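# Survey of secondary and tertiary structure
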Amino acid sequence: MSDIYPIKWNADTKILTLLDQTLLPHEEVYNEYADPEEVAEAIRSLVVRGAPAIGCAAAFGVVLASMRYTGTETGELKALVNSAMETLGATRPTAVNLFRALDRMGSFLDTLTEVPCDRIQSDLEKEALAILDEDLAACRRIGDFGSELVPANSKILTHCNAGALATAGYGTALGVIRSAFRDNKVSMVWVDETRPVLQGARLTAWEMARENIPATLITDNAAGAIMAAGEVDFVVVGADRIASNGDVANKIGTYNVAVLAERHNIPFVVAAPLTTVDPSLPTGESIPIEERSPDEVAGYGDLSWAPEKIHIYNPAFDVTPAELITAIVTEKGIVLTPFGPGLASLLVTE
Ligand code: MRU
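Turning our eyes to something else, we now look at the environment of Pro151. Among the structural elements, Pro151 can be located in the loop between helix 5 (117-147) and strand 4 (154-158). Sequence separation of Pro151 and Lys185 is 34 residues, and the distance between their C-alpha atoms is 6.6 Å. Discounting residues that sit within four places of it in the chain, Pro151 has contacts with Lys185 and Phe234.

Written out as structure tokens, the structure reads:
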């Protein structure tokens, strides 16, 4: 299930194709990229978004940087690639998958000594394809592990879009929903619209409709009342960065949902690949939170509803403390609280 692939690489033409997520759900447009700076701009402007997806796209940005080089000096090629990696790494600060993918490409490049330029290019291409394939496989496994946690006949609430669009395919939180739906456990999905950029209303709703998974779109503000009415059995969200202790950064508003879920005794589950875990951070306190343009809050598209002089604060992510999280589902299994030891042991065998 799911034929949505937001990132495609053409091995013949060496062109990267990204589904333009800023135009969904009304237009399904695929943009082509041969230039790493343009890939960086696509990440910055949310053409491609979602933690694993931006990691995958950045890996291909690195490949494109290497392919632009037509000479034979490996030092020159490596300098070009390193400079592109800096540009790609300066796009979005919160999702650690971006940095994990760039580090992996960079470390791999370092191992390629005394190798001709065309070999470096083709080896980097293989590495980026491996990152893409591994993410897709991880999402499918996350879905299957996560489905085990979903009670029969569940109404599931999700926030933002942690779907096929946010990954190489299948999704993390939506991967759990897809697998649980396949297992006949889902009666309905509550889709938080997810202000300010409406990833829920535009992207999650699109994915659910495309696969005929019964879904109902709600304003973010409605979640509490719907939980209080006993209409939510399970919450599943994705993650942009998970600290060693299990604190989770995810789309702004996730923390609100977690607090509400605790109040109403509803399982609050995070689904993410191990590339989202940042073992260098002991807690979520030090996760960098991206602040985005005030325009995203003042209006949408060409429409603006806020007075021009109002001061606007637009953090794109928040941190949900580990104590509010029931389980973290990874491709290597389900981790329960206390998350620290469980996450550490899965990372050791990664
Ligand atoms: O700003 P975005 O759209 O990139 O934010 C995306 C999210 O917060 C997702 O929930 C997260 O990246 C997980 S995607 C599998």
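Around the ligand, the structure places 17 residues, and the nearest of them are Arg49, Arg92, Asp240, Asn250 and Lys251. Backbone polar atom of Gly50 to an oxygen atom of the ligand: 3.0 Å apart, as the coordinates give it. Contact between the ligand and Lys251: an oxygen atom at 2.8 Å from a side-chain N or O atom of the residue. Burial of the ligand by the surrounding chains reaches 99%, relative to a free accessible area of 420 Å². Those elements giving two or more residues to the shell around the ligand turn out to be helix 2 (51-67) and strand 9 (248-251). Looking at the shell around the ligand, its residues break down into 7 nonpolar, 6 polar and 4 charged. Built from parts of two domains, the shell around the ligand gets at least three residues from each of domain 1 (7-140) and domain 2 (149-348).

So, about the sheet that holds strand 8 (residues 241-243). An order of 11-8-9-14 is seen for the 4 strands of this open sheet, with the pairing classed as mixed. Each edge of the sheet is formed by a strand with only one pairing partner; in this case those strands are strand 11 (277-278) and strand 14 (317-320). Summarising the sheet, strand 9 and strand 14 pair through 4 bridges and their orientation is antiparallel. Among the inter-strand pairings, Ala249 is bridged to a residue of strand 14, identified as Val319.

Our next topic: helix 7 (residues 199-210). With 12 residues, helix 7 extends 15 Å from end C-alpha to end C-alpha; this agrees with the ideal 16 Å at 1.5 Å per step. What helix 7 keeps buried is the set Gln199, Gly200, Arg202, Leu203, Thr204, Trp206, Glu207 and Met208.

Turning to a nonpolar patch on the surface, a few remarks are in order. A cluster of nonpolar residues, Tyr300, Leu303 and Trp305, forms a patch on the protein surface that exposes about 330 Å² of accessible area. With respect to the helices, strands and loops of the structure, Leu303 is situated in strand 13 (residues 303-304). A relative accessible area of 55% means that Leu303 is categorised as exposed.

Often, the extent of an interface is quoted as the loss of accessible area on bringing the components together. As assigned here, the protein chain comprises domain 1 (7-140) and domain 2 (149-348). A separation of 25 Å is found between the C-alpha centroids of domain 1 and domain 2. Across the domain 1 to domain 2 interface the summed buried area is about 2600 Å²; carbon plus sulfur atoms make up 54%. If you look at where domain 1 meets domain 2, you find 2 salt bridges. Of the charged contacts, one joins Arg210 and Glu28 as a salt bridge, the two residues approaching to 3.3 Å between their closest N and O atoms.

Turning to unusual backbone geometry, a few remarks are in order. A cis amide bond, omega 5 degrees, links Arg195 with the succeeding residue Pro196. Examined against the element boundaries, Pro196 turns out to sit in the loop between strand 5 (186-192) and helix 7. Of note, the phi angle at Asn153 is positive, near 60 degrees, even though the residue is not glycine. In this structure Asn153 comes out as exposed when scored by relative accessible area, which is 57%. Positioned with a positive phi, Asn184 is a non-glycine residue whose angle comes to about 60 degrees.

A separate point is the environment of Glu32. Locating Glu32 in the fold gives a position in strand 3 (residues 30-33). Taking the relative accessible area as the measure of exposure, Glu32 reaches 60% and is therefore exposed. Remark: the alpha-carbon pair of Glu32 and Leu19, spanning 13 residues in sequence, is separated by 9.0 Å. Not counting chain neighbours up to four residues away, the residues in contact with Glu32 comprise Ile15, Leu16 and Thr17.

Now for the nonpolar core. Formed by 45 residues in total, the largest nonpolar core has its most connected members in Ile7, Leu16, Leu18 and Met105. Secondary structure elements with two or more residues in this core: strand 1 (7-10), strand 2 (15-19), helix 1 (36-44), helix 2, helix 3 (74-89), helix 4 (96-111) and helix 5. Tallying contributions element by element places helix 2 first for this core, with 11 residues. The contacts of Ile7, once residues within four sequence positions are left out, are Leu16, Thr17, Leu18, Val48, Ala53, Cys56, Ala57, Phe60 and Leu132. Met188, Ile242, Val257 and Leu343 belong to the second largest nonpolar core, which has 31 residues in total.

Rules and cut-offs
- Residues numbered from 1 in each chain as written.
- Predicted model: local features only at pLDDT ≥ 70, side-chain atom pairs only at ≥ 80, totals over all residues.
- Heavy atoms only, no water.
- Helix = DSSP H or I, 4+ residues; strand = E, 2+ residues; numbered from the N terminus.
- Contact = heavy atoms within 4.5 Å.
- Near = heavy atom within 4 Å.
- Polar contact = N/O pair within 3.5 Å; in protein donor to acceptor, adjacent residues only side chain to side chain.
- Areas by Shrake-Rupley, 256 points an atom, 1.4 Å probe, with all protein chains shown as cover.
- Nonpolar A, V, L, I, M, F, W, Y, C, P; charged D, E, K, R; others polar.
- Domains from an automatic or database assignment.
- Pairing = 2+ DSSP bridges.
- Expected span 1.5 Å × (residues − 1).
- Buried < 20%, exposed > 50% of the residue type's maximum accessible area, 1.4 Å probe, protein only.
- Patch = residues over 30% accessible without salt bridge, like charges linked within 9 Å, V, L, I, M, F, W, Y side chains within 5 Å.
- Salt bridge = Lys/Arg side-chain N within 4 Å of Asp/Glu carboxyl O.
- Buried area = accessible area lost by both parts, 1.4 Å probe.
- Core = buried A, V, L, I, M, F, W, Y, C linked by side-chain atoms within 4.5 Å.

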